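The chain contents come next:
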Amino acid sequence: MKQLPSDTVRLLSSSQVITSVLNVVKELMENSLDAGASSIDVKLDNYGLDRIEVRDNGHGIKAVDTPVMAVRHFTSKICSHEDLEHLETYGFRGEALGSICAVAEVAVTTKTEEDDVSTQYMLDFKGNIVSQKPSHLGQGTTVSVMKLFKNLPVRRQCFSSTKKCKEELKKVQDLLMAYAIVKPELRLMLVHNKVGVWQKAKVADNRSALLATLGSSAVANLLPCHHHQEQPEIVLEGFFPKPGADYSTTSSSSPDKTFLFVNNRPVQLKEIMKLLRQHYSAQYPDDPARNRFPMLMLKITVPPSSVDVNLTPDKTQVLLHNKEAVLTAVEALLVSLYGFRPNTDLPAEKQLSHKTLPSSSNPLQPHDSLLDIEPSVERDNSLTNHSDNCLKDALQHGDAASSTASADASLHHRTSNVAQNCTETTEMGSASKSPERITDNVVSAADKSKDQILAEDWSRGTALTDPLSGEPLQPVTIHQPSRHNDSDLDEVKSQSSSKKKTFNIITEKQAALTAYDLITNRAMRAPLSPAALFDKEARAEVLREKPTASLLDISIAVRERWKNLGEDNRKKYEEKAKKHLEHHEQKSKSASAEGPRELSVSTSRSHMQGQKRKAPSSNQQLLDELFSAQPQKKMRNPSSKPSQPLPCSMAALQLQLQRLSSQSSAASRGLCLVNRLASQSAWVILCGQRLMLLNPFRVEEALLFKRLLENNILPAVSLQNPIQLTDGILGGAEYAEALCNMEKHSPELNGATLFSDPRLVANGFKIKLTPGLASAERHLEVTAMADCVPFLGVEDLREILTAVLHKKARTVQECRPLKVTNYLQGEAVRLARQLPTNLSREDVEETLVRMEQQLGETNRTCIHGRPFLQHLSDIPCTDQQAKALLRPLEL
């Protein structure tokens, strides 16, 4: 026996992990999700055999980790096998990139938040870095897989048929749909041969994700369900088809629309799938429905320690520690939704679970699933029949008083909410029921059709009838005691009042100072400090000296004067403040002394009137006595307050403001930032006398597009078969002559010359000129061309030569073909979307400066023709304009 070489071992093990295009996409997508990505783009060329690219906006790979990022068994997810019991990531083995490198060519481009630019790494078949170079991509990671199964020709031959390739593309789309449903906040896009196949935007919840994935017609027939169990801990949630809905809209012939998840991981569980199909198809007697798969989403959440994910290389098969408990919970959920229907296809242990449910130590915590189902008039009427069974059990097992109360509660529950589940009523009666009794309460499909509620009966109030008398149910009435019991009630009240003293907040106030006592015609002001007294006097002086000063300037000037004030003057203000404080204390004492005395008189008066006297219907008279007496005590005229006239003229003030505004507008005609609107990420700016709304992202988009037009160089890829250029292909001899007159490099040894003109190189064309045997002969051929622009060809070269020949274009910006211009527009939009949502004030000011310098006054629109600035309002210059803006709306 001989030991296999390491390269052979690596290839054999990798070919087990990476078996198809689907495995490559799945492994790369899970790495993106583990990196915290919120946007993932999957691009395939030739069904993924030529190229697979997965781009995300996650955290990126740190520079210190890049040497071992594709080496087998190097991972950042776990440190030892004990970490598998607390696994929260999709990947954990460290084999994905290493296995892909063994069967394909791999390039990784990554950038973290700390990096200035992104870096592209080329990897060999061992996962080691061969070369690296800077890249223009933003934050995140882009993995490109080229020439898949290049060293496994038999496996590549399996994808030679078009049918097999289309099936693989459909599997990739189904995988993206599964992650789109379980991750609503994730944006996904699938592109094949540069054509968009499927995409999904970021949504709020799972229902919206199902709506974007399956469509509105399918989601309209789905009900949200939830089940929680503590021992063992199991949480079931998802969306199931409505009972009785048309199976053509709630099922499909293949299981691609039945989504099962275990801890947010898409899996395949045969037992659960069989259970779902049995309960769903049991409600349809037709044979065609029994071979279909229900459209649903079931998300099972269990502790990570009770799941074994490391079962298959693709991690789609899992082992559950509490498998029977999970199956029982799923079955209980389905029974509560569709009802119990015996089926011979069920295993023996499953049929036994229908007959005897596991007993619980706590009767108020049954094993039945608690469904959160949206109310609907069209849903199954088994809930109404279940409520009737609950009522019968309460009447049979309870005594007279409790049965009457249970009957009233059940009738009230039925009239108030017919379409909701009566789980709470079932829990109250489950303490006295046996497990066999629970199964007796389940109704058949024939009983449901009998109690069908019609819309006309519901609107007339005759839909619900009394089971005893057969008459329509009436609203609940509140019975009041008869009058002949008034004497007995008075005796009881008199006995209780002698023992318990009542308290009224108005008639019996405590002897303390309250807010009512301080309400008089004299306002009590807080005492002023020395600094406040000085501020009161100095503010008028500053305003007299500087009439145009703002409030902030006045406060600063007053504060400086107080600091520079002498000790003698400071003592004067301290003595004034002391007098103010003494005067305030005297007023407080007098108010507190008067208040309790008046209140005690009113309290004794109310006490003498007796306790059996009925209180008046309104306390307005008492309030008038309390508050009307105080203002009439002292009717002296208030002392005249000291006043000092200030010279002020509205006309002079308006003239001064106009002069200042004209000076400021003459000094600077630019844009001035005011503040940011947090809800819209837009900025309010002042442009002369107009308030405008600025969208900085549109400005950045236009600036990026202008810079790309001027400086971007499209990378040219060598062509296997160079394109020969003749006068007929270029459009005439004058076009060929214009091409030959462009700048060239120095000739090579064989006489060939490459064109170096930036108008050709920047647009992705590499053209070679080879002299012929005769002096007048020349051979032109395109040896390389940019592949990033779709369908770039000779006609675009002719467009460049037309601009040079007829429009006398000298710069790169003037010679851009239409296809290149559209491509650069898309790149500018993509780069602008990577900007932070909340730009700082300094960034926006810098953007405005660059806008005025590079775009000028005329070009004020983005790539899509939308303006940068939106007019909000004009600042009024006169009082009449201000009043016109403030007038109320006429409705």
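Because the structure is predicted, anything quoted here is derived from the model rather than measured.

Draft legend 1. Fine view of the packing of helix 24 (residues 696-711) against helix 29 (residues 818-833). Between helix 24 and helix 29, whose axes approach to 8 Å, the crossing angle comes to 135°. Between helix 24 and helix 29, the interaxial angle falls into the category oblique. The hand of the helix 24/helix 29 crossing is right-handed. Packed against helix 24, whose contacting residues are Phe697, Glu701, Leu704, Phe705, Leu708 and Leu709, the element helix 29 presents Thr821, Leu824, Gln825, Glu827, Ala828, Val829, Leu831 and Ala832 at the interface.

Draft legend 2. Region of interest: the sheet that holds strand 10 (residues 234-241). If you walk across this open sheet you meet the 5 strands as 9-10-15-12-13, and the pairing is mixed. Each edge of the sheet is formed by a strand with only one pairing partner; in this case those strands are strand 9 (222-229) and strand 13 (265-266).

Draft legend 3. Local environment of the packing of aromatic side chains. Considering all chains together, one arrives at 4 aromatic pairs under this definition. Summarising the aromatic geometry, the rings of Tyr247 and Tyr284 are spaced 5.6 Å apart at their centres and angled 65° between planes, so their arrangement reads as edge-to-face. Taken together, the positions of Tyr247 in helix 8 (residues 247-250) and Tyr284 in the loop between helix 9 (270-281) and strand 14 (293-294) put the pair 37 residues apart, joining distant regions of the chain. Judged by relative accessible area, which is 9%, Tyr284 ranks as buried. Ring centres 5.4 Å apart and planes at 90° place the aromatic pair Phe534 and Tyr573 in the edge-to-face group.

Draft legend 4. Here's a closer look at the pairing of strand 15 (residues 296-301). Most of strand 15 is tucked away, with 5 of its 6 residues classed as buried. In this sheet, strand 15 lies alongside strand 10 in antiparallel orientation, the contact comprising 5 bridges. Looking across to strand 15, one finds that Val235 is bridged to Thr301. When strand 12 (residues 258-262) meets strand 15, the two strands line up parallel, connected through 5 bridges. Bridge pairing links Leu260 to Leu298 in strand 15.

Draft legend 5. Geometry of the sheet that holds strand 19 (residues 682-687). Read from one edge to the other, the open sheet built from 4 strands follows the order 18-19-20-25, with strand pairing classed as antiparallel. Only two strands of the sheet have a single partner each, and these edge strands are strand 18 (672-677) and strand 25 (869-874). Put simply, the sheet's adjacent strands are angled 30° from each other on average, direction ignored. Contacts between helix 30 (residues 841-855) and the sheet are confined to strand 18, strand 19 and strand 20 (690-694), with strand 18 contributing the most and set at about 130° to the helix.

Draft legend 6. Fine view of the side chain of Arg759. Position of Arg759 relative to the elements: it lies in helix 27 (residues 758-761). You can call Arg759 buried: its relative accessible area is 9%. Within the structure, the side chain of Arg759 is placed 2.8 Å from the backbone oxygen of Ala809, a separation counted as a polar contact. Each residue touching Arg759, except ones within four places of it in the same chain, is listed here: Met742, Ile800, Val804, Ala809, Arg810, Thr811, Val812 and Cys815.

Draft legend 7. Region of interest: the pairing of strand 9. Judged by how many residues are buried, strand 9 sits mostly within the fold: 6 of 8 residues are covered. Across 8 bridges, the pairing between strand 9 and strand 10 is antiparallel. Pairing of His228 across the sheet is with Val235, part of strand 10. Where strand 9 folds back onto strand 10 in an antiparallel hairpin, the turn is made up of 4 residues.

Draft legend 8. Representation of unusual backbone geometry. Cis geometry marks the peptide bond from Gln231 to Pro232, where omega comes out at -10°. Among the secondary structure elements, Pro232 is positioned in the loop between strand 9 and strand 10. Despite not being glycine, Asn46 shows a phi value in the positive range, around 55°. Note on placement: Asn46 falls in the loop between strand 1 (39-45) and strand 2 (51-56). Here the phi dihedral of Tyr47 falls at roughly 60°; this positive angle occurs in a residue that is not glycine. Here Tyr47 lies in the loop between strand 1 and strand 2.

Draft legend 9. The pattern of salt bridges, seen in detail. With the rule as written, the count across this model stands at 23 salt bridges. Close ionic contact of Lys150 with Glu105 constitutes a salt bridge, the shortest N to O distance being 3.8 Å. With a gap of 45 residues between them, Lys150 in the loop between strand 6 (140-146) and helix 4 (153-157) and Glu105 in strand 3 (residues 105-111) connect regions that are remote in the sequence. Take Glu105: its relative accessible area is 29%, and that puts it in the partly exposed class. We note a salt bridge from Glu545 to Arg561, for which the minimum N-O separation is 2.8 Å. Within this pair, whereas Glu545 is found in helix 19 (residues 530-545), its partner Arg561 is found in helix 20 (residues 551-563), the two being separated by 16 residues in sequence. Residue Glu545 is classed as exposed on the basis of its relative accessible area of 54%. Taken together, the shared-partner salt bridges in this structure form one network comprising Arg51, Glu53 and Arg55.

About the thresholds
- Residues numbered from 1 in each chain as written.
- Predicted model: local features only at pLDDT ≥ 70, side-chain atom pairs only at ≥ 80, totals over all residues.
- Heavy atoms only, no water.
- Axes fitted to C-alpha atoms, helices over the stretch in contact; angles between N-to-C directions.
- Helix = DSSP H or I, 4+ residues; strand = E, 2+ residues; numbered from the N terminus.
- Parallel < 35°, antiparallel > 145°, perpendicular 65-115°, else oblique.
- Left-handed = near helix turned anticlockwise from the far one by under 90°.
- Contact = heavy atoms within 4.5 Å.
- Pairing = 2+ DSSP bridges.
- Phe/Tyr/Trp six-rings, centres within 6.5 Å; stacked < 30°, edge-to-face > 60°.
- Buried < 20%, exposed > 50% of the residue type's maximum accessible area, 1.4 Å probe, protein only.
- Polar contact = N/O pair within 3.5 Å; in protein donor to acceptor, adjacent residues only side chain to side chain.
- Salt bridge = Lys/Arg side-chain N within 4 Å of Asp/Glu carboxyl O.

By themselves, these are just geometric observations and shouldn't be taken as functional.
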